[in-house]
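# Chain and residue survey
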Amino acid sequence: MRIGAFIPELLRHLFKKPATVDYPFKKLSPPEGFRGTPYLHPETCIVCRACERDCPAEAIEIVELSAAEKRFRLTIHNDRCIHCAQCVDSCPTDAMRMDDKYEIAAFSRWDLKAAWEYVRAVVKPKAPAPAPAAPAPSANPPSDNG
Amino acid sequence: MKVQIPIGPQHPALKEPIGLRMTVEGEVIHDADLRLGYNHRGVEKVAEGRSYIQNLYLTERICGICSHSHSTTFAQGAEILFEIVPPKRGQFLRYLVSELERVHSHLLWLGVAGHEAGFDSFFMYVWRDREIVMDILEMISGNRVHYAINTIGGVRRDIDEAQRTKILDLLAVLRARTSFYLNLGTTEPSFVGRLAGVGYLSKEDAMSLCAVGPTARASNVPRDVRKDDPYGIYDEVPFEVCTADTCDVLGRTVVRIKEVLQSYDIMEYLLRNLPAGPVAVKAPRRPKPGEIVSRYEAPRGENIHYIKSNGTDKPERLKVRAPTLGNYAATIAMLKKGFIADIPLIFAAIDPCICCAERSVELVDSRSGRPSVVRWSELRRMAGRRAARDSKKRNVEWPL
């Protein structure tokens, strides 16, 4: 046994640079695949509501604005979001994605809400695919002819 | 003269709210009593209203340090109810994260032990090295604390070859650092002197009070779910159950350092023998009706989840027994005959995670083991009897 076995280790580190960074001035970049904040890619959303159903924090809300126009509003309540990225996993059309922002504090929880208003997409869906796809070719040939 | 000292619910020595009531004579603790229930969150009730996939993230939030333990315990149980088996690669990755979590939890504890023992430079260096584990976890899962790597039927993310080699390199660094701390324990007499003999828990007490995890293993009880009732891939992974026979805080420190070294071995085995293939299978939404008890060796000890399914997409009942709850009875035995100054160290030595253990509130009389209600009239009669018996107090003069 010897007294002060840790002292050489401490002295060695006097000449090393610190293990931490000066945070607000210097920032570490998050790794690839970092789970930041979810956002919607409305062009591919087919409103299957899988994200709304699977969200553990019930942070996703989908409201139908107009049944005729098939317009919907998707709100992500980021004040409730727990950043688990389950919505990204549940999404069948890759419409939900995660960014890599990590400084997401706000002064009010209302500032944290993100909403998208969009028309339901028809990207290779199962049941509603033939219905909008069928009129499209039939609509095009007359215009070509005319 | 016996004095009762309340420590907590809010106290600088405690990281989380818990009420400790010590009956002391001078500096020596004669009796200790624990009051729980300051951090009850109703997780079990919330779980009854959520689907299995949502509950995976809910159970992860039972604990901030062993988050993966709870979600794995839940996923293991749910997978049996769903009658699916995760693929081999998925299991290897799941238990790789388990072992990483064990390393990060034990290094965190070592730092806390150093801090409570008054060895703050040790605390800072250990926590600096712990950042390596946190970085690995962030790289694998995308987050530092709540990894959310589990899904019912496997894991959610795969690792590639570059990540695999990087983890192996970082593990070599960690192994060198941990060996340094292991040697430090034998060469730093003041640190050893502070930990030795504090919080004695005999082997018989550890057995009879059902201590779990490193607390039991430090009292030479080789109790480890990974060995006793192997789940997942632990029946094919070679490792040893680490024990110590000093039965004190020093033993708990040694057990944890040894376990960290064992975890490196397990992780290297998992990474070198990582099978190819998918990481998850698709799970149905509704399990068959039934019930299951799932066991898991968390960093703090045995973690138990009981899940009852009624055939819907939500569990009918979820019961969680966090390892800290299993160690409370042993803590009382450790505190007895100890010194007041050792309370933070003894209490920290079980690595308490109080909000994990807050399932139900139970008030137990420390002597008889059952709560008692005394009537006002009975109290007055007792006071009269006591006054008659105690003749000295009768001729006490009013001081003013």
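My aim in this report is to walk through the structure given alongside it, one point at a time. Keep in mind the model is a prediction, meaning the values are calculated, not measured.

### Topic: the overall build of chain A
Along the backbone of chain A there are five helices and five strands. Shown N-terminal to C-terminal, the secondary structure of chain A runs as helices and strands in the order α-β-α-β-β-α-β-β-α-α. Across chain A, the fraction of contacts at a sequence separation of at least 24, relative to all contacts at a separation of at least 6, is 71%. Surface exposure of chain A reaches about 9700 Å², of which carbon and sulfur atoms provide 58%.

### Details of the overall build of chain B
Helix and strand content of chain B: 15 helices and eight strands. When burial is assessed residue by residue, chain B has 55% of its 400 residues classed as buried. In chain B, the proportion of contacts linking residues at least 24 apart, taken out of those at least 6 apart, comes to 70%. Counting every atom, chain B has about 17400 Å² of accessible surface; 56% of that belongs to carbon and sulfur.

### Focus: the nonpolar core
Residue and element names in this part refer to chain B. Ranked by internal contacts, the top residues of the largest apolar core, which has 85 residues, are L20 and I140. Counting residues per element, this core draws most heavily on helix 4 (residues 88–116), at eleven residues. Sequence-distant contacts of L20, defined by excluding residues within four places in its chain, comprise I5, P6, I7, L14, D33, L34, L335, I343 and F347. Core analysis: the second largest hydrophobic core is formed by 25 residues, A47, Y52, L56 and A148 among them.

### Thoughts on the interface of chain A and chain B
With 27 residues of chain A at the contact, the number on the chain B side is 29 residues. Summed over both partners, the interface of chain A with chain B buries about 2400 Å², with 50% contributed by carbon and sulfur atoms. Notably, a salt bridge pairs B:R50 with A:E58, separated by 3.9 Å at the nearest N-O pair. For the pair chain A and chain B, the interface holds 16 residue pairs in polar contact (both at pLDDT 80 or more). Broken down by secondary-structure element, the contributors of at least two residues to the side of chain A that touches chain B are helix 1 (7–12), helix 2 (50–54) and helix 3 (86–90) of chain A. Here the side of chain A that touches chain B is built from residues that sort into 14 nonpolar, five polar and eight charged.

### As for the layout of surface pockets
In this structure, the largest pocket encloses a volume near 1400 Å³. Surrounding the largest pocket, 36 residues form its lining, A:A19, A:L28, B:E131, B:D135 and B:R144 being those nearest its centre. Put simply, the parts of the chain that give the lining of the largest pocket at least two residues each are helix 5 (120–141) and helix 6 (161–187) of chain B. Per-element accounting of the lining of the largest pocket gives the leading share, ten residues, to helix 5 of chain B. A class-by-class count of the residues in the lining of the largest pocket yields 16 nonpolar, six polar and 14 charged.

### Details of the packing of helix 2 (residues 52–60) of chain B against helix 3 (residues 67–82) of chain B
Residues and elements named next belong to chain B. Where helix 2 contacts helix 3, the two axes come as close as 7 Å, and the packing angle between them is 155°. Relative to helix 3, helix 2 is oriented roughly antiparallel. Here helix 2 runs over helix 3; the crossing is right-handed. Facing helix 2, whose interface residues are Y52, N55, L56, T59 and E60, helix 3 presents S67, H70, S71, F74, A75, A78, L81 and F82.

### Quick look at unusual backbone geometry
Residue and element names in this part refer to chain B. Despite not being glycine, A148 shows a phi value in the positive range, around 50°. Residue position: A148 is located in the loop between helix 5 and strand 4 (150–151). The exposure class of A148 is buried, given its relative accessible area of 6%. Of note in the backbone geometry, C247 takes a positive phi value of approximately 60° without being a glycine. As for its position among the elements, C247 is in the loop between helix 10 (225–228) and helix 11 (249–272).

### Describing the pattern of salt bridges
The full count for this structure, using the stated rule, is 39 salt bridges over all chains. Taking the shortest distance from any N to any O, the salt bridge between A:D89 and B:R156 comes out at 2.6 Å. Placement of the pair is A:D89 in helix 3 and B:R156 in the loop between strand 5 (154–155) and helix 6, with the two residues belonging to separate chains. A relative accessible area of 42% means that A:D89 is categorised as partly exposed. The partner of B:E316 in a salt bridge is B:K308, with the nearest N and O atoms 3.8 Å apart.

### Side note on the sheet that holds strand 6 (residues 290–298) of chain B
Residue and element names in this part refer to chain B. Reading across the sheet, the three strands line up as 6-7-8 and stay open at both edges, with antiparallel pairing between neighbours. Across the chains shown, the open sheet's two edge strands, defined by having one partner strand only, are strand 6 and strand 8 (315–321). Strand-to-strand twist of the sheet, defined as the mean angle between neighbouring strand axes without regard to direction, takes the value 15°. One ladder, built from nine bridges, connects strand 6 with strand 7 (residues 301–309); its direction is antiparallel.

### What to know about the packing of helix 3 of chain B against helix 4 of chain B
Residue and element names in this part refer to chain B. Their axes nearest at 9 Å, the elements helix 3 and helix 4 cross at an angle of 150°. The pairing of helix 3 with helix 4 is recorded here as roughly antiparallel in orientation. Here helix 3 and helix 4 pass one another in a crossing that is left-handed. Contacts between helix 3 and helix 4 pair S67, H68, S69, T72, A75, Q76 and E79 from the former with R94, Y95, V97, S98 and E101 from the latter.

### Some words on the sheet that holds strand 3 (residues 28–35) of chain B
All names here are of chain B. Spatial ordering of the open sheet is given by 1-2-3, a layout of three strands whose pairing is antiparallel. With one partner strand each, in any of the chains shown, strand 1 (2–7) and strand 3 form the two edges of the open sheet. Across this sheet, the average inter-strand angle for adjacent strands is 20°, counted without regard to direction. Where strand 2 (residues 19–25) lies against strand 3, seven bridges are found, and the strand directions are antiparallel. By the bridge assignment for strand 3, R21 is matched with D33. Where helix 12 (residues 323–335) meets the sheet, its contacts fall on strand 2 and strand 3, and the angle it forms with strand 3 comes to roughly 160°.

Reading the values: the criteria
Throughout this description, residue numbers start from 1 for each chain and increase along the sequence as written. The lettering of chains begins at A and the numbering of ligands begins at 1, in the order of writing. Residue-level local features of this predicted model are given only where pLDDT is at least 70; pairs of side-chain atoms are given and counted only at 80 or more, and the full residue set underlies all totals for whole chains, interfaces and linings. Remark: hydrogens and water are excluded; side-chain values derive from all non-hydrogen atoms of the structure. Counting from the N terminus, the helices are DSSP H or I runs at least four residues long and the strands are E runs at least two residues long. Here a residue-residue contact requires only that any non-hydrogen atoms of the pair lie within 4.5 Å. In these tables, accessible area is a Shrake-Rupley quantity obtained with a 1.4 Å probe, and a residue counts as shielded only by the protein chains included in the view. The buried label applies to any residue whose accessible area, calculated with a 1.4 Å probe on protein chains only, is under 20% of its type's maximum; exposed applies above 50%, and partly exposed to all values in between. Each nonpolar core is a collection of buried residues, namely Ala, Val, Leu, Ile, Met, Phe, Trp, Tyr and Cys, held together in the definition by side-chain atoms within 4.5 Å. We define buried area as the total accessible area lost by two parts upon association, computed with a 1.4 Å probe and summed across both. Think of a salt bridge as a Lys or Arg side-chain nitrogen and an Asp or Glu carboxyl oxygen that are within 4 Å of each other. Identification of polar contacts relies on pairs of N or O atoms within 3.5 Å, with a donor-acceptor requirement for protein atoms, meaning one able to donate a hydrogen and the other able to accept it, and with residues adjacent in sequence counted only if both atoms are side-chain atoms. Each residue gets one of three labels, nonpolar for Ala, Val, Leu, Ile, Met, Phe, Trp, Tyr, Cys and Pro, charged for Asp, Glu, Lys and Arg, and polar for the others, Gly among them. Points on a 1 Å grid over protein atoms alone make up a cavity when a 1.4 Å probe fits among them but cannot get out, and a pocket when they form an open set with protein on both sides within 12 Å along at least five of seven lines; lining residues each have an atom within 4 Å of a point. Grid points are joined across faces, edges and corners, and a volume is the space filled by probe spheres set on the points. Think of each axis as a best-fit line through the C-alpha atoms, taken over the contacting stretch in the case of a helix, with angles from 0 to 180 degrees between the N-to-C directions. When an angle is under 35 degrees it counts as roughly parallel; over 145 it counts as roughly antiparallel; between 65 and 115 it counts as roughly perpendicular; any other value is oblique. A clockwise turn of the near helix away from the far one marks a right-handed crossing, whereas an anticlockwise turn of less than a right angle marks a left-handed crossing. By definition, two strands form a pair when at least two bridges between them are found by DSSP.

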